[in-house]
Amino acid sequence: MKLTEKTLSSVVKFEGRIVKLIHDQIELPDGRESMREVVKHPGGVCIACEKENGELILVQQFRYPFKEEIIEFPAGKLEIGEDPLDAAIRELEEEVGYKADVVVPLGRFYPSVGYLTEIIYLYYVPKSHFVGQHLDDQEFLNVLSYPIEELNILIQNDEINDGKTIALVHKIEKYKEHL
């Protein structure tokens, strides 16, 4: 059975600074009509940097939608037309002050496939050097570092719930298995 859904009409219901909400009338694979709501997002990057001692650098910051402090790898939104690799390198330096010497692309992550177009590009930096942090004007965070084994414990204990961070920990472990 073909599973493709065909867009019949599309209406922008909301357009904000970062996201756009689209209401689509669609045709299902069996010919019936239905509706889909899609949040358009420009995408983002997530980057894990390993220090010389083998620990991975993370940040802790308040995430307003959840009203709590979240531990996650440095990450950021893509600007329109921005290359994901350039964005990852920029975010790493801004948030934690490290300049990547070697960058390994580890694929992409779809945070919520049911309604969100965001794609997060995942990167691993096994070699870097410190150049100094320079946060954006309205950015506040703490820099942390953990060995990957401890990150797995934090994930299992629900102390790290960020999907992109969980995915990147897994991808780094698989990458290192093949070295």
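The rules behind these values
Residues numbered from 1 in each chain as written. Predicted model: local features only at pLDDT ≥ 70, side-chain atom pairs only at ≥ 80, totals over all residues. Heavy atoms only, no water. Helix = DSSP H or I, 4+ residues; strand = E, 2+ residues; numbered from the N terminus. Buried < 20%, exposed > 50% of the residue type's maximum accessible area, 1.4 Å probe, protein only. Contact = heavy atoms within 4.5 Å. Pairing = 2+ DSSP bridges. Expected span 1.5 Å × (residues − 1).

K.L.:
Explain the environment of Phe-73 to me, and be specific about the residues and the numbers.
P.N.:
Inspection of the secondary structure puts Phe-73 in the loop between strand E6 (68–72) and strand E7 (75–77). Its relative accessible area of 0% is what places Phe-73 among the buried residues. Here the alpha-carbon distance between Phe-73 and Lys-13, two residues 60 residues apart in the chain, equals 32 Å. Once residues within four sequence positions are removed from consideration, Phe-73 is found in contact with Cys-46, Ile-47, Ala-48, Leu-56, Ile-57, Leu-58, Val-59, Leu-151, Thr-165, Leu-168, Val-169 and Ile-172.

K.L.:
Tell me about the pairing of E6, and please be specific about residues and values.
P.N.:
Relative to E6, strand E5 (residues 56–63) runs antiparallel, the two being bridged by 5 bridges. Opposite Gln-60, over in E6, you have Ile-71 as the bridge partner.

K.L.:
Talk me through helix H3 (residues 163–177); I want residue IDs and the actual numbers.
P.N.:
Under the 1.5 Å per step criterion, the end-to-end length of H3 is 22 Å for 15 residues, consistent within 8% with the ideal 21 Å. When we look at burial in H3, the residues that qualify are Lys-164, Thr-165, Ala-167, Leu-168, Val-169 and Ile-172.

K.L.:
Hey, could you go over the environment of Thr-117 for me, with residue numbers and the actual values?
P.N.:
Here Thr-117 is to be found in the loop between strand E8 (98–109) and strand E9 (120–130). The class for Thr-117 is partly exposed, based on a relative accessible area of 32%. As a C-alpha pair, Thr-117 and His-41 span 76 residues in sequence and 5.7 Å in three-dimensional space. Thr-117 has contacts with Val-38, Val-39, Lys-40 and His-41, leaving out every residue within four places of it along the chain.

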